[in-house]
Amino acid sequence: RTAVLLVASALCVIVIFSELQLKGDSDGRASMPRGRGLVLSSEVGRFFDPSEDEGPGARTPEIEEEGFGEPTQMLNKTAWEPFDLSPWISERPQPTDLITEDEFLKSNPRKIDKLEDVPQQHLLASTPLIRSKIDPPRSKENFTMDLWFPHFSKAYVLRIEQGFIGDNGIFGPALRSKDKYFYSMSRWWNGYPRVYEKTAPGIQHKDIGYAVAVGGWGATAFQHFVIDVLPKLALVYDKMMSEEWVQKNVSLITNLGRSPAPRWFLEELGLWKRTLPMMGWPVKAKFIYRSKAVMYPDFHPAPILAGGSRIGQYPRGAMLPVQKALGVFHDSRRDRIVMLYRGGRRSLAKHVQQQLSRAISYRVDQHNKQTGATIEVERFRFTSREDARDLFRRALMIIGPHGGAFSNMVFAKPGTVVVEFIPMYKFSTKPHAGKRTSTYCYYGLSQACGHRYWFVDPENFDFNRGGMVVRVEDVLHIVDDTLKRLR
């Protein structure tokens, strides 16, 4: 009887393994497993089988950039259908109906962090479920089920008449006669929502006209502004620049601060003169905005992985309107392999950095001799944002350890190969998974920019220490694969 049970158990294991086994395809990646393998979101509470029909309303964007085709082919494509946004209101509230922020928060407003719970009157627009082209993180090794990340999202825009604009969140309406809602649907960082929800009696109220609120955690810093603000701004950017919205003087409320990065981007995008600073940290805030009608664009759901961590995941190509406006396509050359070496935390061990530089340079020299190409390996050193844009929009590959310099990929043309040194597998599985959302941010950003993302697992990764060691042959595998695609 024991022997029979053991044989039966073994057969069950074989059947299950056969169902879940991943088979590598021609470029060394694992192909999509059949069966119910992807959790869309614990908020939605259901599985999505990519082998099944997508259902009504779901669609696959046309964006496709396998290999290195002409980036100009991307110029007229987008990850969603254009929004028909008409946020204008004609009625003026009675002064006696208006309430302060303190009165609002003391009225026990309903808190909402799920798109399906948003009242219809506050949902200005939303897309059907967007199923992006499955483009999981790549590595030299085969994948397990844990590495199939969700690529499903809905783009949406909320609107609240007489709405308050807080710290990366909106709430309202500021009217006695209306039901009241507090929205905390923004991207999460380290597992916690970063939104304003503490009352501040006597705070100054600034009444403004129409506004779009786009914020992010710590988004006064360059990398956080790129990761968290620009993808959401891209969702409504074309509308912001339209003649109708310019005439209505629709303001942008976003994160500003001592860092020059937000202003640089907003000047390049033509929005600086219409931008107002977000209120900042609630404990230090001196004012609160009360808008005639405030709009809030975002993507939902923010996928939840093991351990409760959320990642800022976006549909592939979501950043395209912003990339076009930043001049990413103004230089057609793609002839640089950009190395993102760094000092201090998460820096490479010196001997590894030297070996890696020599090995990649040798591979590139051999390729140039054989093909007549003029590719160069260049280490990124920041001098100015304009110089960074000029370099990264020529990038064929971007390679380096996890760090803020990867945010420069926003300047790279879609299809650029991004290679990040980070233990993606360990961060996506228990018991290693924790509350750190930041570990996946550059994978999420690469999807928004339409890039091809690879990761290399370091032997000794530590967020707070240097001396990182990676296997040079693992990086060369990706370099060889990329150069081969050029021939």
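Each remark here, short or long, concerns the structure printed above.
Attention here is on the structure that accompanies the text. If you're wondering where the values come from, they're calculated on a predicted model, not measured in any experiment.

Rules of the game
Starting from 1, residues in each chain are numbered consecutively following that chain's sequence as written. Predicted model: local features are reported for residues with pLDDT of at least 70 only, side-chain atom pairs are reported and counted for 80 or more only, and whole-chain, interface and lining totals are derived from all residues. Only hydrogens and water are removed before side-chain values are computed, so all heavy atoms of the structure are retained for them. In this description a helix means any DSSP run of H or I spanning at least four residues, a strand means any run of E spanning at least two, and both kinds are numbered starting from the N terminus. Any residue under 20% of the maximum accessible area for its type is buried, any over 50% is exposed, and the rest in between are partly exposed; the area is computed with a 1.4 Å probe on protein chains only. By the convention used here, residues are in contact when the closest approach between their heavy atoms is within 4.5 Å. Here a Phe, Tyr or Trp ring, Trp counted by its six-membered ring, pairs with any other such ring whose centre lies within 6.5 Å, and the pair is stacked when the planes are under 30 degrees apart, edge-to-face when over 60, and tilted otherwise. Buried residues of nine kinds, namely Ala, Val, Leu, Ile, Met, Phe, Trp, Tyr and Cys, make up a nonpolar core once their side-chain atoms join them within 4.5 Å. For two strands to pair, DSSP has to find at least two bridges joining them. Comment: axis = line fitted to C-alpha atoms, over the contacting stretch for helices; angle = value between 0 and 180 degrees taken between N-to-C directions. Should a side-chain nitrogen of Lys or Arg be within 4 Å of a carboxyl oxygen of Asp or Glu, the pair is scored as a salt bridge. For a helix, the expected span equals 1.5 Å multiplied by the residue count minus one. Roughly parallel means an angle under 35 degrees; roughly antiparallel means over 145; roughly perpendicular covers 65 to 115; every other angle is labelled oblique. Left-handed is the label given to a crossing in which the near helix is rotated counterclockwise from the far helix by less than a right angle, and right-handed is the label when the rotation is clockwise. Think of it as three bins: nonpolar holds Ala, Val, Leu, Ile, Met, Phe, Trp, Tyr, Cys and Pro, charged holds Asp, Glu, Lys and Arg, and polar takes everything else, Gly as well.

**Considerations on the side chain of T254**
- Within the secondary structure layout, T254 lies in strand β10 (residues 251–254).
- On the accessibility criterion, T254 (0% relative accessible area) is buried.
- Setting aside residues no more than four positions away along its own chain, T254 makes contact with V214, F225, V229, L266, T275, L276, P277 and M278.

**Notes on the packing of aromatic side chains**
- Applying the stated criterion across every chain, the model contains 16 aromatic pairs.
- Both rings, one in F287 and one in Y289, keep their centres 5.1 Å apart while their planes meet at 70°; by these two values the pair is edge-to-face.
- Overall, the relative accessible area of 13% leaves F287 in the buried class.
- When the centroid spacing of 5.7 Å and the interplanar angle of 40° are considered together, the rings of F406 and Y442 count as tilted. Of this pair, F406 sits in the loop between β15 (395–401) and β16 (417–421) while Y442 sits in helix α10 (residues 441–449), and the two are 36 residues apart along the sequence.

**Some details on the nonpolar core**
- Of all hydrophobic cores here, the largest spans 98 residues; its most connected members are L230, F265, I360, I399 and F421.
- Sorting elements by how many residues they give to this core places helix α3 (residues 222–240) first, with twelve residues.
- Apart from the residues within four sequence positions on either side, F421 is in contact with L348, L356, I399, G400, P401, H402, V456, P458, F461, M468, V470 and V475.
- If you look at the next biggest cluster of nonpolar residues, it comprises 32 residues, including F104, I112, L158 and A213.

**Overview of the sheet that holds strand β13 (residues 336–339)**
- Reading across from one edge, β14-β13-β15-β16-β17 is the order of the five strands in this open sheet, with parallel pairing throughout. Looking at the sheet topology across the chains shown, the edges are occupied by β14 (376–379) and β17 (452–456). Strand-to-strand twist across the sheet, computed as the mean angle between neighbouring axes with direction ignored, equals 20°.
- Sheet topology places β16 next to β17; five bridges connect them, and they run parallel. For V419, the partnering residue across the bridge sits in β17 and is W454.

**Here's the deal with the pattern of salt bridges**
- One pass over the structure, following the stated rule, counts 15 salt bridges.
- The residue D335 makes a salt bridge to R336 at a minimum N-O spacing of 3.4 Å. Of the two residues, D335 and R336, both sit in the buried class.
- The closest approach of N and O atoms between D481 and R485, which form a salt bridge, is 3.1 Å. You can see D481 and its partner R485 sitting in helix α11 (residues 472–486), four residues apart, about one turn around the helix.
- With relative accessibility at 8%, the residue D481 sits in the buried group.
- Residues joined by salt bridges that share partners form a network here, namely D335, R336, E376, E378 and R394.

**Describing unusual backbone geometry**
- Going from G172 to P173, the amide bond is cis rather than trans, its omega being 0°.
- Its place among the elements puts P173 in the loop between β7 (170–172) and β8 (181–183).
- Although it is not a glycine, Q162 adopts a positive phi angle of roughly 50°.
- Mapped onto the fold, Q162 is located in strand β6 (residues 152–165).
- Here R346, not a glycine, exhibits a phi torsion of approximately 60°, which is positive.
- Assignment of secondary structure puts R346 in the loop between β13 and α7 (350–371).

**Examining α11**
- Relative to the 21 Å expected for 15 residues at 1.5 Å per residue, α11 spans 22 Å between its end C-alpha atoms, a close match to the ideal helical length.
- Listing the buried residues of α11 in full gives V472, D474, V475, L476, I478, V479, D481, T482 and L483.
- In this fold, the buried residues of α11 make contact with α7, β15, β16 and β17.

**Overview of the packing of α7 against α11**
- Viewed as axis vectors pointing N to C, α7 and α11 meet at an angle of 20°, and their least axial separation amounts to 10 Å. On the basis of the axis angle, α7 is roughly parallel to α11. Remark: the crossing between α7 and α11 carries right-handed chirality. Of the residues in α11, those touching α7 at Q355, L356, A359, I360, R363 and H367 are V472, V475, L476, V479, D480, L483 and L486.
- Considered class by class, the residues forming the contact of α7 with α11 number nine nonpolar, two polar and two charged.

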